[in-house]
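Next come the chains, spelled out residue by residue.
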Amino acid sequence: MMTLRKVIAEAIGTALLLTAVVGSGIMGERLAGGNVAIALLANSLATGAALVVLILIFGNVSGAHFNPAVTLVLGRRADMSWGQILYYIMAQVLGAMGGVWIAHLMFGEPILMVSTHARDGYHQIFGESVATFGLLLTILSCARDHPRAVPAAVGLYIMAAYWFTSSTSFANPAVTLARGLTDTFTGIRPEDIPGFIVAQFVGAFLAMSLFRFLSPNKTT
């Protein structure tokens, strides 16, 4: 029962996260009058704020991972079984897809879409590695030293990374897969998804490795 509550929390939390990401992208683009910078600002502010709130809501239930890369790193450090990790990841992916469809429904967009928004090139793939590296390092370090600051730190990091990474910081394989299902401001073409996901796991692994090197005798 405890595992079921955690899995449901991960699914709902990830769904609400994608609703915020995609919904704010649609709203921002509609209101920005063609100014992409304003649309991105609205998108980043809403996403960062939503992350803070969602982590506060679900953190004590499931850990509020909402991200397969986070689950793999934190799950192994917390001795989660591979079965639990798989359930978390499945819940995150399905929840993310549901969140996209909720946003489409709210804004009168077709429920089912495939994105045509190109996000290709080595520079964007590298940007995803940087974004995910920073996110995992933020989570690992703050969880150890400043656990109460994790929600704010994660929200602020993602808000900033929207602007300082070339990819606008997806930093999440479940988010990336789901954003392939929206042909709106936050979408990504299916053919660009694999490179992003590989880069995200590489960034997560590098962050975990650096954290272990810097803190060999400490645990989260």
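Right above here is the structure, for reference.
Remember, predicted model here, so these are calculated numbers, not experimental data.

Rules used in this analysis
- Residues numbered from 1 in each chain as written.
- Predicted model: local features only at pLDDT ≥ 70, side-chain atom pairs only at ≥ 80, totals over all residues.
- Heavy atoms only, no water.
- 1 Å grid on protein atoms, 1.4 Å probe; cavity = no way out; pocket = protein on both sides within 12 Å on 5 of 7 lines; lining within 4 Å.
- Points joined across faces, edges and corners; volume = space filled by probe spheres on them.
- Helix = DSSP H or I, 4+ residues; strand = E, 2+ residues; numbered from the N terminus.
- Nonpolar A, V, L, I, M, F, W, Y, C, P; charged D, E, K, R; others polar.
- Phe/Tyr/Trp six-rings, centres within 6.5 Å; stacked < 30°, edge-to-face > 60°.
- Buried < 20%, exposed > 50% of the residue type's maximum accessible area, 1.4 Å probe, protein only.
- Axes fitted to C-alpha atoms, helices over the stretch in contact; angles between N-to-C directions.
- Left-handed = near helix turned anticlockwise from the far one by under 90°.
- Contact = heavy atoms within 4.5 Å.
- Core = buried A, V, L, I, M, F, W, Y, C linked by side-chain atoms within 4.5 Å.

J.: So what's going on with the layout of surface pockets? Which residues, and what values?
T.: What the largest pocket holds in volume is close to 800 Å³. In terms of lining residues, the largest pocket is bounded by 40 residues, among which G63, A64, H65, V70 and L74 are the most central. Going through the elements one at a time, α1 (2–31), α2 (36–62), α3 (68–77), α4 (82–106), α5 (122–145), α6 (150–164) and α7 (173–179) are the ones with two or more residues in the lining of the largest pocket. At seven residues, α2 tops the list of elements feeding residues into the lining of the largest pocket. Taken together, the residues of the lining of the largest pocket break down into 24 nonpolar, 12 polar and four charged.

J.: Break down the packing of aromatic side chains for me, with residues and values.
T.: All chains considered together, the criterion is met by three aromatic pairs. Centroid distance Y157 to F164: 5.9 Å. Interplanar angle 75°. Geometry classified as edge-to-face. For F164, a relative accessible area of 47% translates into the label partly exposed. Relative to F196, the ring of F170 has its centre 5.1 Å away and its plane inclined at 70°; by these criteria the two rings are edge-to-face. Of this pair, F170 sits in the loop between α6 and α7 while F196 sits in helix α8 (residues 193–214), placing them 26 residues apart in sequence. According to the relative accessible area criterion, F170 is buried, its value standing at 4%.

J.: Lay out the packing of α5 against α8 in plain terms, naming residues and giving numbers.
T.: Contact geometry for α5 and α8: axes closest at 7 Å, N-to-C directions at 35°. The way α5 lies across α8 gives a crossing that is right-handed. Here Q124, I125, E128, S129, T132, F133, L136, L137, L140, S141 and R144 of α5 lie close against α8, whose contacting residues are G195, F196, A199, Q200, V202, G203, A204, L206, A207, M208, L210 and F211. Of the residues assigned to the contact of α5 with α8, the class counts are 14 nonpolar, seven polar and two charged.

J.: Run through the nonpolar core, naming residues and quoting values.
T.: Judged by nonpolar contacts, the single largest core of 46 residues is most densely connected at L17, L18, F66, L135, L136, V154 and I158. Breaking this core down by element, the ones donating at least two residues are α1, α2, α3, α4, α5, α6, α7 and α8. Considering each element in turn, this core owes the most residues, seven residues, to α6. What L17 contacts, discounting residues up to four positions off in sequence, is T47, L51, L54, F66 and V175.

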